[in-house]
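# Observations on the three-dimensional arrangement
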Amino acid sequence: MNLPSSILPTAEMHGRAQHATSVFNPQSPQAQEIARLFNIDLAICAVILLVVVALVIVAVIRFRQRPGQSEPYQDPGNPKLETLWTVIPSLIVVVLLVLTARTMHLVNPPVGQRTPNVIVTAHQWWWAYHYPQSGVVTANELHMPVGTNWLLGIESADVIHDFCVPDLGAKMDAIPGHPNFLWIQPRQTGTYLGTCAEYCGCEHALMGIRVIVQTPAEFAQWEQDQLRIPIAPAGAEAERGARLFAASSCRNCHTIAGTKAVGRVGPDLTHLADRDTIGSGTLTNNLANLTQWILNPQAIKPGCYMPALRLPEAEAHAVAVYLGGLR
Ligand code: CUA
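Notes on the structure in this doc start here. As the structure is a prediction and not an experimental result, all values here were calculated from the model.

### Remarks on helix α4 (residues 236-247)
Over its 12 residues, α4 runs 16 Å from end to end, which matches the ideal 16 Å to within 8%, given 1.5 Å per residue. Among the residues of α4, A238, G241, L244 and F245 are the ones counted as buried. Mapping the buried residues of α4 onto a view down its axis gives an arc of 120°, with all of them on the same face. Turned more than 90 degrees from where α4 packs its buried face, A236, R243 and A247 sit exposed. Along its buried surface, α4 packs onto α5 (250-253) and α8 (313-324).

### A look at the sheet that holds strand β5 (residues 150-156)
Judged by pairing direction, the sheet is mixed, and its five strands sit side by side in the order β3-β2-β1-β5-β8 without closing on themselves. Unpaired on one side and paired on the other, β3 (136-139) and β8 (180-184) mark the two borders of the sheet. Going across the sheet, the axis of each strand differs from the next one's by a mean of 25°, ignoring polarity. As defined by bridge partners, strand β1 (residues 118-123) adjoins strand β2 (residues 126-131) across five bridges and the pair is classed as antiparallel. Counted as the bridge partner of H123 is W126 from β2.

### Quick word on the pattern of salt bridges
Evaluation of the coordinates by the stated rule reveals six salt bridges. Across the pair R36 and E33 runs a salt bridge whose closest N-O atoms are separated by 3.3 Å. One end of the pair is R36 and the other is E33, both in helix α1 (residues 29-62) and three residues apart, which spans about a single turn. You can call E33 buried: its relative accessible area is 14%. The partner of D276 in a salt bridge is R210, and the shortest N-O contact between them spans 3.5 Å. Taken as a pair, D276 in the loop between α5 and β11 (277-278) and R210 in strand β10 (residues 208-214) lie far apart in primary sequence, 66 residues in all. Accessibility classification places D276 together with R210 in one group, the buried group. Through salt bridges with shared partners, a single network forms among E33, R36 and R102.

### Some words on the environment of L99
By the secondary structure assignment, L99 is in helix α2 (residues 79-107). Sequence separation between L99 and I40 is 59 residues, and the spatial gap between their C-alpha atoms is 9.0 Å. If near-sequence neighbours (up to four positions away) are discounted, L99 is found in contact with L37 and I40.

### Re the packing of helix α6 (residues 287-295) against α8
Look at α6 against α8: their axes get within 8 Å of each other, and the N-to-C directions meet at 125°. Considered as vectors, α6 and α8 are oriented oblique to each other. α6 and α8 meet at a crossing whose hand is right-handed. On α8, the residues touching L287, L290, T291, Q292, I294 and L295 of α6 are E313, A316, H317, V319, A320, V321, L323 and G324. When the residues that make up the contact of α6 with α8 are grouped by side-chain class, the tally is nine nonpolar, four polar and one charged.

Criteria and thresholds
Residues numbered from 1 in each chain as written. Predicted model: local features only at pLDDT ≥ 70, side-chain atom pairs only at ≥ 80, totals over all residues. Heavy atoms only, no water. Helix = DSSP H or I, 4+ residues; strand = E, 2+ residues; numbered from the N terminus. Expected span 1.5 Å × (residues − 1). Buried < 20%, exposed > 50% of the residue type's maximum accessible area, 1.4 Å probe, protein only. Arc of directions from axis to C-beta. Contact = heavy atoms within 4.5 Å. Pairing = 2+ DSSP bridges. Axes fitted to C-alpha atoms, helices over the stretch in contact; angles between N-to-C directions. Salt bridge = Lys/Arg side-chain N within 4 Å of Asp/Glu carboxyl O. Parallel < 35°, antiparallel > 145°, perpendicular 65-115°, else oblique. Left-handed = near helix turned anticlockwise from the far one by under 90°. Nonpolar A, V, L, I, M, F, W, Y, C, P; charged D, E, K, R; others polar.

What follows is the structure, encoded as structure tokens:
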């Protein structure tokens, strides 16, 4: 389905600054080290490319075949030259190896420090976030405090995915049964975009990540708010939506704290109103989009595991009013 651009998530939401998404825009010490290594490697490779291209051009022009010229001299071997072109590339490779090992040492969490601040679980095709210290569970939009070195545990519920937020650090595979770890220490508040970076099935491309970096006070407040039983929106439409949600199969897959919905198959919807987007960064979170999503998620994200429930439009609207108002 071609989505009109008006319903796609916009750059600046909730007044938060959105950072450029680029490996050349490092916003954490880890990303900085990776960018530095990348720049050095790029420079070395650029020099090699220039030298090789220059030599090829010189050879093509200077040693081209001229009319009436006989076969050129065939060199049977030149030990000096051969030693030189073996030793120089070997030295370059050793330099790259040492620089890479240094960066890995600086970027990777040391073995032994394995108590993550947040556990990221990749699903086909969304992200679950669990904060073990506080017990907060949320989805798709990862909140974290600025300036603190956070350890992310990266896991997967199904296939191999890859957590990738280029501004903030390395990309890290999410492998079923094999937790990986990633350090991130964001320097500035704001929203950082990322995505799944390992092909994981039909909706791999719509598996966006939003990292919302807040001041420690804002983050503490957010965490407190997440732990509350949500305040259900008022009004007859919302109440109807709540009844429809409770009576339907929605609750088998989704959790809403304080209700009988305790499913873990799909994203936790407890505080859905607090999120910028729905469908893992696919659509702006507003009533119209939420209604469309509930009506037919397959039209927006074909192949996703949320079925079209064939609700009449008025009922889908009521459910959207309810879910979209959960704060
Ligand atoms: Cu998940 Cu690609």
